[in-house]
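# A closer look at the structure
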Amino acid sequence: MGIRQLYLLLVVAALNLVKGEAQSFFNDTIGIRMDSTAIIGECIDFPCWIQSVSADSTGTLLLVQGRDLNKKETSVKNTGDIWMISLPDKKVLWQRPINYFIQEAKLTDKGVSFVSKDKYFLLDLQTGAEIWKGKKMVPYSLNTQGNRLLAYKGSTMNGVSRQLQGYDMNTGDMLWKREISHRYGWNESLMLDDSMRLIVSDGLHTVNLSDGTGNSFLMKTGVDDYRATAALGALGVLSGVLTGMVVVPYGNNVVVDLVSDVLLDDSLLYVANREQLLCLDRQLNMKWGYPIPESSASRSVLFLNGDHLYMVNYGYGYRDNIRNHSDSYAKSHLRAKIGKPFIACFDRKSGKNISFHFLSEKKEMVEDLWIDRDNERAVLLFEDRMVVAPFESDSVMEYRWDIETDGKIIGMVKRPFYLEDKNSSGFKKCNETLGTPTYFIYTDKGQIFDVDQSLNRLQTFSFEEIGFYRLLQDDLSIVDYKKGVYLLNSDGDRKATLRVSSDLFTIGDKIYAFSPDRKRLVEISGIEE
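My aim in this report is to walk through the structure given alongside it, one point at a time. Computed from a predicted model, the values in this text were never measured in an experiment.

Parameters at a glance
Residues numbered from 1 in each chain as written. Predicted model: local features only at pLDDT ≥ 70, side-chain atom pairs only at ≥ 80, totals over all residues. Heavy atoms only, no water. Helix = DSSP H or I, 4+ residues; strand = E, 2+ residues; numbered from the N terminus. Buried < 20%, exposed > 50% of the residue type's maximum accessible area, 1.4 Å probe, protein only. Contact = heavy atoms within 4.5 Å. Phe/Tyr/Trp six-rings, centres within 6.5 Å; stacked < 30°, edge-to-face > 60°. Lys NZ or Arg CZ within 6 Å of the ring centre and 35° of its normal. Patch = residues over 30% accessible without salt bridge, like charges linked within 9 Å, V, L, I, M, F, W, Y side chains within 5 Å. Areas by Shrake-Rupley, 256 points an atom, 1.4 Å probe, with all protein chains shown as cover. Salt bridge = Lys/Arg side-chain N within 4 Å of Asp/Glu carboxyl O. Lys, Arg positive; Asp, Glu negative; His and termini not counted. Charge placed at Lys NZ, Arg CZ, Asp CG, Glu CD. Pairing = 2+ DSSP bridges. Axes fitted to C-alpha atoms, helices over the stretch in contact; angles between N-to-C directions. 1 Å grid on protein atoms, 1.4 Å probe; cavity = no way out; pocket = protein on both sides within 12 Å on 5 of 7 lines; lining within 4 Å. Points joined across faces, edges and corners; volume = space filled by probe spheres on them. Nonpolar A, V, L, I, M, F, W, Y, C, P; charged D, E, K, R; others polar. Core = buried A, V, L, I, M, F, W, Y, C linked by side-chain atoms within 4.5 Å. Polar contact = N/O pair within 3.5 Å; in protein donor to acceptor, adjacent residues only side chain to side chain.

A few words now on the overall build of the protein. If you tally the helices and strands in the protein, you get 4 helices and 47 strands. Of all 529 residues assigned to the protein, the portion counted as buried reaches 52%. Considering only residue pairs separated by 6 or more positions, the protein has 46% of its internal contacts joining residues 24 or more positions apart.

Next up, the structure:
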């Protein structure tokens, strides 16, 4: 071996030591039982903070995306690495650096979709080598069964054009192109059948994956003349469509997402926008439409109950596409009051309006909604009251809330949870100890209130007193309580204290968790077998 080759090998080895590599699969203590014996589980350690883990459809390959930590390990950086791991072989197949500010990776059954500035790469699953690459394309959606990648012409740094392009995922050849506007961003994307995708952006657009043909129905999904007091920069943000990286030119006078999600019903679809509620067939021909009172509509939700279609208008839009952010961030920082909150009922076949109730004369926002099908009613929460709208009724009931004493209502706890049993070392499920039917609402003072259907308080406790749980196999569950994570039996008794976080995910028939510092993956399936 020559001096030059030896030098290169030493450089590569040094870089690996600096960046760090995922260790081999190994067994370690992941919990302690109540009798002080150890629970052993299979682990994989990483030299970074694990941002996300995704699996292919076979459940055999894992794409692990990690971020580097600062020296004190108190914050993450934009730099990191991605690892492809083979679960059956229990080894790392390949590793690649990534800069999350300008790059994005997504696992598909055809390969790893990798975006870097204005370049696109499809990477081989087994080796990480480039299968093909393209320029000035921003991925929008992947359909591995149809062997199609949809991408907009443009770049994540300089903006995205209106030209949507269809690519063959095997070869990278562009097969077709079509103009589809997205002035107010992308609201939704779903498959209508095996070959037809529906895109919601400035309207509805059907796209045949084979040749790009389809119909369009234009809608107003945003406004330009809204004067928001806080805003994102004029160039927008680096955001996700595929999880999808796009730059959307939102400015301080734009509010978006003034549309409902598309509600599919056999051969029909329902959708609401800034101007009207629509019923269309799957070729986007209008069956009926109902004009919404001017300047009233905003972000909304639709749901069916028997022969009736209900619309709940939230009274707000967003200053950025909400799919770029967590729900909590979007709710806290991106909402803008627009329109008026209301609930309306229609005949689903004819569109005839049955009832229409404005819930406020001023600009207010619905904080949360619960469609209580068991009690045949919709429950809407505002900061200072609860509105109950019984199905098949032409009236609504309003119950006031004392915000001075109990705080402003933020939302409703919809996940099941445990309460600690003060008389034992275990926990009791909330629905075994509290009244029925009840709702659990929480306020900005960190308290949860168990209330009945008239907003009468039955019990009050703090967030620290509840533990969210996840069911495992064999009637076991994991509960996240205060600063600990516990394994419980079917009676809620503690079986063990676990050294994992409560953030669980499944791959095939196996269940995994992160370590508390998110630098380790732990398999917890069958830990008590």
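Okay, back to it.
The final tally for this structure, using the stated rule, is 27 aromatic pairs. Look at phenylalanine 46 and tryptophan 83: their rings are 5.1 Å apart centre to centre, the planes differ by 65°, and that puts the pair in the edge-to-face class. Residue phenylalanine 46 is located in the loop between strand 2 (38–45) and strand 3 (49–55), and its partner tryptophan 83 is located in strand 5 (residues 76–86); the two are separated by 37 residues in the primary sequence. With a centroid separation of 6.3 Å and an interplanar angle of 15°, the aromatic rings of tryptophan 132 and tyrosine 167 are classed as stacked. Here the residue tryptophan 132 occupies a position in strand 10 (residues 130–135), and tyrosine 167 occupies one in strand 13 (residues 159–168), the gap between them amounting to 35 residues. Here arginine 96 stacks its cationic end above the ring of phenylalanine 114, 4.5 Å away from the centre of that ring. Above the plane of the ring of tyrosine 486 lies arginine 494, whose end atom (NZ or CZ) is 4.3 Å from the centre.

What follows covers a positive patch on the surface. Together, Lys117, Lys119, Lys133, Lys135, Lys136, Lys153 and Lys177 make up a positively charged patch on the protein surface. Here lysine 177 is to be found in strand 14 (residues 174–179). Given a relative accessible area of 54%, lysine 177 falls into the exposed group.

On to the sheet that holds strand 41 (residues 466–471). The strands making up a sheet associate through backbone hydrogen bonding, with each pair oriented either parallel or antiparallel. In space, the 11 strands of this open sheet follow the order 37-36-41-42-43-44-1-2-47-46-45, with antiparallel pairing throughout. Looking at strand neighbours, the two that pair on one side only are strand 37 (427–429) and strand 45 (504–507), the edges of this open sheet. With direction set aside, neighbouring strand axes in the sheet form an average angle of 35°. As defined by bridge partners, strand 41 adjoins strand 42 (residues 477–481) across 5 bridges and the pair is classed as antiparallel. Looking at the pairing, arginine 470 lines up with isoleucine 478 of strand 42.

The strand order across the open sheet formed by 4 strands is 25-26-29-30, and the pairing between neighbours is antiparallel. Two strands close off the open sheet at either side, each with one partner strand: strand 25 (300–305) and strand 30 (353–358). Neighbouring strand axes in the sheet, compared pairwise and without regard to direction, differ in orientation by 15° on average.

Moving on: unusual backbone geometry. Note: most residues except glycine have negative phi, and most peptide bonds are trans. Non-glycine residue glutamate 392 carries a positive phi angle of around 60°. Topologically, glutamate 392 is positioned in the loop between strand 33 (385–390) and strand 34 (397–400).

A separate point is empty space enclosed by the protein. Following the criterion strictly, the structure yields 2 cavities of 30 Å³ or more and no others. What the largest cavity holds in volume is close to 60 Å³. In terms of lining residues, the largest cavity is bounded by Tyr310, Ile343, Ala344, Cys345, Ser355, His357, Ala389, Pro390, Ser393, Ser395 and Val396. Among the secondary structure elements, those contributing two or more residues to the lining of the largest cavity are strand 29 (342–347), strand 30 and strand 33. In terms of residues, the lining of the largest cavity owes the most to one element, strand 29, which gives 3 residues. Of the residues in the lining of the largest cavity, the class split is 7 nonpolar, 4 polar and no charged. Its boundaries defined by the atoms lining it, the second largest cavity holds a volume of some 30 Å³. Residue lining of the second largest cavity: Phe25, Glu42, Cys43, Ile44, Tyr512, Leu521 and Glu523, and that is the complete set. Of all the elements in the fold, those that place two or more residues in the lining of the second largest cavity are strand 2 and strand 47 (520–523). Of the residues in the lining of the second largest cavity, the class split is 5 nonpolar, no polar and 2 charged.

Here the focus is the environment of phenylalanine 382. Relative to the elements of secondary structure, phenylalanine 382 occurs in strand 32 (residues 377–382). Using a relative accessible area of 0% as the deciding quantity, one classes phenylalanine 382 as buried. For the pair phenylalanine 382 and lysine 408, spaced 26 residues apart in sequence, the C-alpha separation works out to 8.4 Å. Residue contacts for phenylalanine 382: discarding those within four places in its chain leaves Pro341, Leu359, Glu364, Met365, Val366, Glu367, Val387 and Ile409.

As defined by bridge partners, strand 31 (residues 368–372) adjoins strand 32 across 5 bridges and the pair is classed as antiparallel. The residue of strand 32 that forms the bridge with aspartate 368 is leucine 381. Where strand 31 folds back onto strand 32 in an antiparallel hairpin, the turn is made up of 4 residues, including glutamate 376, whose phi is positive at roughly 50°.

As enumerated under the stated definition, the model contains 21 salt bridges in all. Salt-bridge contacts for aspartate 384 lead to arginine 385; the nearest nitrogen and oxygen are separated by 2.9 Å. On the basis of relative accessible area, arginine 385 is assigned to the buried category, the value being 3%. Salt bridges sharing partners connect three or more residues here, namely Glu364, Asp384, Arg385, Glu398 and Arg400.

If you look at the biggest cluster of nonpolar residues, it comprises 21 residues, and the most contacted ones within it are Val312, Ile343, Ala378 and Leu380. In terms of residue count, the dominant contributor to this core is strand 32 (3 residues). Residues within four places of leucine 380 in sequence aside, it is in contact with Val312, Ile343, Leu359, Val366, Asp368, Leu369, Arg385, Met386 and Val387.

Another aspect to go through is the side chain of serine 141. Its location among the elements puts serine 141 in strand 11 (residues 137–143). A polar contact of 3.3 Å, which involves the side chain of serine 141, links it to the side chain of arginine 197.

Burial analysis of strand 23 (residues 276–281) places 5 of its 6 residues in the buried class, which makes it a mostly covered element. Once strand 22 (residues 268–272) ends, the chain turns through 3 residues before running back antiparallel as strand 23. Across 5 bridges, the pairing between strand 23 and strand 24 (residues 286–291) is antiparallel. Residue glutamine 276 lies in a different strand from strand 24, and its bridge partner there is proline 291. Joining the antiparallel neighbours strand 23 and strand 24 is a turn of 4 residues, in which leucine 284 adopts a positive phi near 70°.

The quantities given are spatial measurements derived from coordinates; they are silent on function.
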